[in-house]
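Here are the chains, one letter per residue:
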There are 2 protein chains.
Amino acid sequence: MGKEKVAIIGSGNWGSAIAKLAGNNVKKHSDIFDDSKVPIWVFEEDFEGKKLTEIINTEHENKKYLPDVKLSENVVAVPDLVEAVKGATALVFVMPHQFLDKCLDQLEGKVEKNAKAITLIKGVGVEGPDIHVFADVIQERLGVSCSALSGANIANEVAIDRFSETTVGYRTEEEGQLWQKLFQTPNFKVQLIDDVAGVSLCGALKNIVAVAAGFIDGLEYGNNSKAAIMRIGLLEMKYFCQEFFKDVKEESFLQESAGVADVITSCLGGRNRKCAEAFVKQKKPFDELEKDMLNGQKLQGIHTAKDVHIFLKARDRLGAYPLFDKVYQISWEGLPVEKLTEGL
Amino acid sequence: MGKEKVAIIGSGNWGSAIAKLAGNNVKKHSDIFDDSKVPIWVFEEDFEGKKLTEIINTEHENKKYLPDVKLSENVVAVPDLVEAVKGATALVFVMPHQFLDKCLDQLEGKVEKNAKAITLIKGVGVEGPDIHVFADVIQERLGVSCSALSGANIANEVAIDRFSETTVGYRTEEEGQLWQKLFQTPNFKVQLIDDVAGVSLCGALKNIVAVAAGFIDGLEYGNNSKAAIMRIGLLEMKYFCQEFFKDVKEESFLQESAGVADVITSCLGGRNRKCAEAFVKQKKPFDELEKDMLNGQKLQGIHTAKDVHIFLKARDRLGAYPLFDKVYQISWEGLPVEKLTEGL
């Protein structure tokens with residue numbers, strides 16, 4: 001059998017941090033991986049008068065999205081998506097979820113038959129009463145087995161080798177071990193669990209909880225209230241996934257980095273928490289805060305809350321998830337934020 | 001059957017906050033409780049030239065330990081312990097653990113035969129290879145059924161009616177419901193679980209985790225690392241209790257306020273976290289920090305870490321709890337704090 005050829009699809013902050021780990025690890029495990037080249041697909045753009053791919057390939061640094069972190073020289077930026085994945089057997093999807101469909105359009109029929117994939121994309125797809133995780137979408141559209149990685153992973157902290165952990169939800173144990181070898185370092189511990197859906201859903205739903213935590217910070221209710229909201233949110237995440245996805249594992253939520261630890265990280269720092277706090281203190285609507293604080297990018301938590309609201313309404317299950325619903329009502333329907341804790 | 005007569009044993013910050021809730025709730029549930037009087041035992045001392053019991057009984061406020069919070073007028077301060085519990089059928093123990101033994105010496109043989117108790121005391125008793133929770137100590141010495149209450153409960157926040165939650169580990173469901181009626185308010189949610197040991201142990205062991213979190217803050221490792229340490233600590237708490245106490249429930253740790261939520265609160269704020277951070281940043285020994293920051297009071301987390309170390313060593317199980325052991329080594333044996341995350 002030939003060695004695994006890795007390709008990284010996406011080169012933002014998190015994609016670049018992961019490329020750093022992967023570039024080093026293929027050398028460490030060169031018995032398994034082709035260590036000569038780790039292509040990273042870069043959506044071409046100009047940065048400080050140069051092409052971003054050119055900067056990455058000459059300076060070995062993604063100066064726009066992950067400045068001051070050196071990438072291994074075998075990480076090679078490729079502006080053409082199909083070329084980037086050519087011959088690759090281990091595909092790492094790491095991009096904002098709104099770009100996934102377009103990427104898959106281009107990739108369909110173009111990936112290796114024996115390839116496997118992993119997605120680091122946060123979010124969840126909702127269409128009325130239907131809900132799906134991106135690992136399933138990738139798996140179905142490309143015909144490759146797709147795992148998921150999620151955890152308490154602020155990209156910049158991982159990139160500078162701060163101690164942290166993550167969770168891989170795998171399709172087969174063998175694939176789990178492959179992804180562990182690709183990403184794990186002494187300071188980046190990769191736990192494995194047989195639960196693709198659970199791990200994927202944690203990464204999406206925790207943003208709703210982070211918005212709720214931000215509301216509490218804005219109200220200045222203190223750490224008791226914040227801890228209570230985080231606990232209630234974590235349990236709603238668990239109940240939601242257990243209700244709508246068969247075979248999710250309780251441990252993914254309550255014991256894994258993807259669950260409890262990512263809820264903690266997101267409620268301590270993170271843009272969802274921060275914008276929600278500003279929503280209360282500055283009394284500005286979220287679309288204005290998105291402009292002011294996120295350069296016009298969408299605030300994931302409130303959009304996930306809306307998706308989940310639409311889904312739960314279609315399934316007639318709104319009443320079962322009071323915290324999720326309160327976050328929706330406050331963010332989109334003008335419910336006073338002081339009502340957040342009422343009736344929880 | 002007569003009505004339940006409540007007595008509160010202890011009048012510090014937490015005891016006074018709980019007295020406020022109990023004083024109001026006996027009136028709300030006057031079908032069950034004698035609402036005429038809730039004695040609270042006060043260790044007599046002078047404050048601003050007056051006796052503390054006198055201040056509480058005339059101004060209905062514990063000006064020394066919970067200033068600016070009015071107590072219900074039926075809360076009556078009593079300086080004599082035996083008098084305070086006379087006729088009481090519902091005993092609430094809420095004092096620093098080092099005073100418990102002396103109180104029990106006085107109370108033995110003096111409490112009502114049909115009385116039941118609940119302890120809100122944090123900590124755990126260790127004597128070499130033996131470990132016990134205070135609920136069991138109270139139960140054995142007084143011959144009364146003793147439940148335990150613990151949760152993400154900063155006393156001042158509970159006292160001013162901020163939204164929060166707590167957990168009662170009960171002996172019988174009926175007793176659980178009694179304690180719930182005594183303490184629950186619309187903004188202080190009392191969950192019940194059939195796990196006295198688990199709830200008791202959470203309140204002790206979380207302080208070790210809070211010290212570890214404080215070390216991470218001192219090192220400025222960021223929120224990924226902090227969330228990872230909290231997750232690992234929570235799991236060590238769970239494994240420890242499952243190994244040494246039969247019938248503890250996983251939910252107490254992973255789902256209840258006493259477990260995950262109290263770990264969060266203690267790692268966000270709290271004296272253990274704060275002193276541990278100062279230990280790293282100011283490079284002062286803990287006994288000096290106890291003098292500077294705690295008026296000479298003991299820092300619970302490091303003393304619990306030492307107790308647990310002695311216990312685990314006696315049981316030859318040190319290696320199974322690397323985070324607990326690292327906290328001990330750093331606090332007492334001069335291990336450099338940078339070693340905290342190594343090998344976790």
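Residues numbered from 1 in each chain as written. Chains lettered and ligands numbered in written order. Predicted model: local features only at pLDDT ≥ 70, side-chain atom pairs only at ≥ 80, totals over all residues. Heavy atoms only, no water.

- An unreviewed UniProt entry annotates chain A as Glycerol-3-phosphate dehydrogenase [NAD(+)] originating from Kwoniella pini CBS 10737.
- Under the Sequence similarities (unreviewed entry) heading, UniProt states for chain A: "Belongs to the NAD-dependent glycerol-3-phosphate dehydrogenase family."
- The UniProt entry for chain A carries the following comment under Catalytic activity (unreviewed entry): "sn-glycerol 3-phosphate + NAD(+) = dihydroxyacetone phosphate + NADH + H(+)". (UniProt positions renumbered as here; feature names shortened; annotations may be inferred.)

### Points about the sheet that holds strand E10 (residues 145-150) of chain B
All names here are of chain B.
Step number 1: The eight strands lie next to each other as E5-E2-E1-E6-E7-E10-E11-E12, forming an open sheet whose pairing is mixed. The open sheet has two edge strands, strand E5 (75-78) and strand E12 (188-193), and neither has a second partner. Taken pair by pair, the neighbouring strands of this sheet meet at an average axis angle of 25 degrees, ignoring direction.
Step number 2: One ladder, built from four bridges, connects strand E2 (residues 38-41) with E5; its direction is parallel. (Pairing = 2+ DSSP bridges. Helix = DSSP H or I, 4+ residues; strand = E, 2+ residues; numbered from the N terminus. Axes fitted to C-alpha atoms, helices over the stretch in contact; angles between N-to-C directions.)

### What to know about the environment of Asn224 of chain A
Step number 1: Tracing the backbone through its elements, the reader meets Asn224 of chain A in helix H9 (residues 223-244).
Step number 2: Note on Asn224 of chain A: relative accessible area 0%, which makes it buried.
Step number 3: It is 39 Å that separates the C-alpha atoms of Asn224 of chain A and Val137 of chain A, two residues lying 87 residues apart in sequence.
Step number 4: Dropping the residues within four chain positions of it, Asn224 of chain A is found in contact with Ala152, Asn153, Ile154, Glu157, Val158, Phe163, Ser164 and Thr265 of chain B. (Buried < 20%, exposed > 50% of the residue type's maximum accessible area, 1.4 Å probe, protein only. Contact = heavy atoms within 4.5 Å.)

### Section: the domain arrangement of chain A
Residue and element names in this part refer to chain A.
Step number 1: Entries for chain A in the domain assignment read domain 1 (6-196) and domain 2 (198-339).
Step number 2: Contacts between the two partners involve 28 residues from domain 1 and, on the opposite side, 27 residues from domain 2.
Step number 3: When the two sides are added together, the surface that domain 1 and domain 2 hide from each other amounts to roughly 2100 Å², 61% of it contributed by carbon and sulfur.
Step number 4: Residue Lys249 is joined to Asp194 by a salt bridge in which the shortest nitrogen-to-oxygen separation is 3.9 Å. (Domains from an automatic or database assignment. Buried area = accessible area lost by both parts, 1.4 Å probe. Salt bridge = Lys/Arg side-chain N within 4 Å of Asp/Glu carboxyl O.)

### A closer look at the relation of the copies chain B and chain A
Step number 1: The two copies are related by a screw operation: chain B maps onto chain A through 180 degrees of rotation and 0.0 Å of translation along the axis, at an RMSD of 0.0 Å. When the rotation and shift are considered jointly, the pair of chain copies conforms to a two-fold rotation axis. Closest to the rotation axis within chain B is the C-alpha of Leu254 of chain B, separated from it by 2.9 Å.
Step number 2: Residue by residue, 100% of the interface of chain B is reproduced at the interface of chain A, so both copies engage with the same surface. (Least-squares fit on C-alpha atoms with pLDDT ≥ 70 in both.)

### Structural notes on the UniProt feature "binding site: substrate" (unreviewed entry) in chain A
Residue and element names in this part refer to chain A.
Step number 1: Mapped onto this numbering, the UniProt entry gives "binding site: substrate" (unreviewed entry) at Lys122, Arg271 and Asn272. For this annotated set, covering 151 residues, all C-alpha atoms fall within 13.9 Å of each other, a compact arrangement in space.
Step number 2: Residue classification places Lys122 among the partly exposed residues on the basis of a relative accessible area of 22%.
Step number 3: Residues within four places of Lys122 in sequence aside, it is in contact with His97, Phe134, Ser150, Gly151, Gly203, Lys206, Asp262 and Gln300.
Step number 4: Mapped onto the elements, Arg271 comes out in helix H12 (residues 271-282).
Step number 5: Leave out the neighbours within four places in its chain, and Arg271 touches Leu294, Gln297, Lys298 and Leu299.

### Looking at the side chain of Ser72 of chain A
All names here are of chain A.
Step number 1: With respect to the helices, strands and loops of the structure, Ser72 is situated in the loop between helix H2 (52-59) and strand E5 (75-78).
Step number 2: Taking the relative accessible area as the measure of exposure, Ser72 reaches 7% and is therefore buried.
Step number 3: In terms of polar contacts, Ser72 uses its side chain to reach the side chain of Asn74, at 2.6 Å.
Step number 4: Once residues within four sequence positions are removed from consideration, Ser72 is found in contact with Gly23, Asn24, Lys27 and His60. (Polar contact = N/O pair within 3.5 Å; in protein donor to acceptor, adjacent residues only side chain to side chain.)

### What about the side chain of Asn153 of chain B?
Step number 1: Position of Asn153 of chain B relative to the elements: it lies in the loop between E10 and helix H6 (155-159).
Step number 2: Residue classification places Asn153 of chain B among the buried positions, given a relative accessible area of 13%.
Step number 3: Among the polar contacts made by the side chain of Asn153 of chain B, one reaches the main-chain carbonyl oxygen of Glu165 of chain B at a distance of 2.8 Å.
Step number 4: The residues contacting Asn153 of chain B, other than those within four sequence positions of it, are Asn224 of chain A together with Trp14, Val158, Ser164, Glu165, Thr166, Phe188 and Asp262 of chain B.

### A word on the interface of chain B and chain A
Step number 1: With 41 residues of chain B at the interface, the matching set in chain A holds 41 residues.
Step number 2: Summed over both partners, the interface of chain B with chain A buries about 3300 Å², with 54% contributed by carbon and sulfur atoms.
Step number 3: On the chain B side of the contact with chain A, Phe163, Asn224 and Arg231 of chain B bury the most area, a combined 24% of that side's loss.
Step number 4: At the boundary of chain B and chain A, one finds two salt bridges.
Step number 5: Measuring nitrogen to oxygen at the nearest pair gives 2.7 Å for the salt bridge that ties Arg231 of chain B to Glu165 of chain A.
Step number 6: On inspection of chain B and its partner chain A, the count reaches 16 residue pairs in polar contact (both at pLDDT 80 or more).

### Here's the deal with the pattern of salt bridges
Oppositely charged side chains are able to pair whenever their charged atoms sit close together.
Step number 1: Within the structure shown, the criterion is met by 44 salt bridges over all chains.
Step number 2: Among the salt bridges present, the one from Glu277 of chain A reaches Lys281 of chain A, with a minimum N-O distance of 4.0 Å. Of this pair, Glu277 of chain A and Lys281 of chain A are both found in helix H12, four residues apart, which corresponds to roughly one turn of the helix.
Step number 3: Exposure remark for Lys281 of chain A: the relative accessible area of 45% places this residue in the partly exposed category.
Step number 4: The partner of Lys50 of chain B in a salt bridge is Glu59 of chain B, with the nearest N and O atoms 3.6 Å apart.
Step number 5: Its relative accessible area of 36% is what places Lys50 of chain B among the partly exposed residues.
Step number 6: On the accessibility criterion, Glu59 of chain B (26% relative accessible area) is partly exposed.
Step number 7: Each of Asp217, Glu220, Lys226, Arg273, Glu277 and Lys281 of chain A takes part in a single network of salt bridges with overlapping partners.

### Notes on the UniProt feature "binding site: NAD(+)" (unreviewed entry) in chain A
Residues and elements named next belong to chain A.
Step number 1: Residues annotated in UniProt with the feature "binding site: NAD(+)" (unreviewed entry) correspond here to Gly10, Ser11, Gly12, Asn13, Trp14, Gly15, Phe43, Phe99, Ala155, Arg271, Lys298 and Gln300. In terms of the greatest pairwise C-alpha distance, the residues named above, spread along 291 residues, do not form a single cluster, extending to 23.6 Å across.
Step number 2: Its location among the elements puts Ser11 in the loop between strand E1 (6-9) and helix H1 (13-28).
Step number 3: What Ser11 contacts, discounting residues up to four positions off in sequence, is Ser16, Ile40, Trp41, Val42, Phe43, Asn62, Tyr65 and Val94.
Step number 4: Its place among the elements puts Gly12 in the loop between E1 and H1.
Step number 5: Overall, the relative accessible area of 26% leaves Gly12 in the partly exposed class.

### Side note on the packing of aromatic side chains
Step number 1: One pass over the full model with this rule turns up 20 aromatic pairs over all chains.
Step number 2: Measuring from ring centre to ring centre gives 4.3 Å for Phe279 of chain B and Phe286 of chain B, while their planes differ by 5 degrees; the resulting arrangement is stacked.
Step number 3: Looking at Phe279 of chain B, the relative accessible area reads 17%, which means it is buried.
Step number 4: Members of the aromatic cluster, each reached through a chain of ring pairs, are Phe240, Phe244, Phe311, Tyr321 and Phe324 of chain A. (Phe/Tyr/Trp six-rings, centres within 6.5 Å; stacked < 30°, edge-to-face > 60°.)

### As for the confidence of the model for chain A
Step number 1: On average, chain A scores 96 in pLDDT, and the residues at 70 or more come to 100%.
Step number 2: The ipTM assigned to the predicted complex is 0.95, against a pTM of 0.95. (pLDDT = per-residue confidence, 0-100.)

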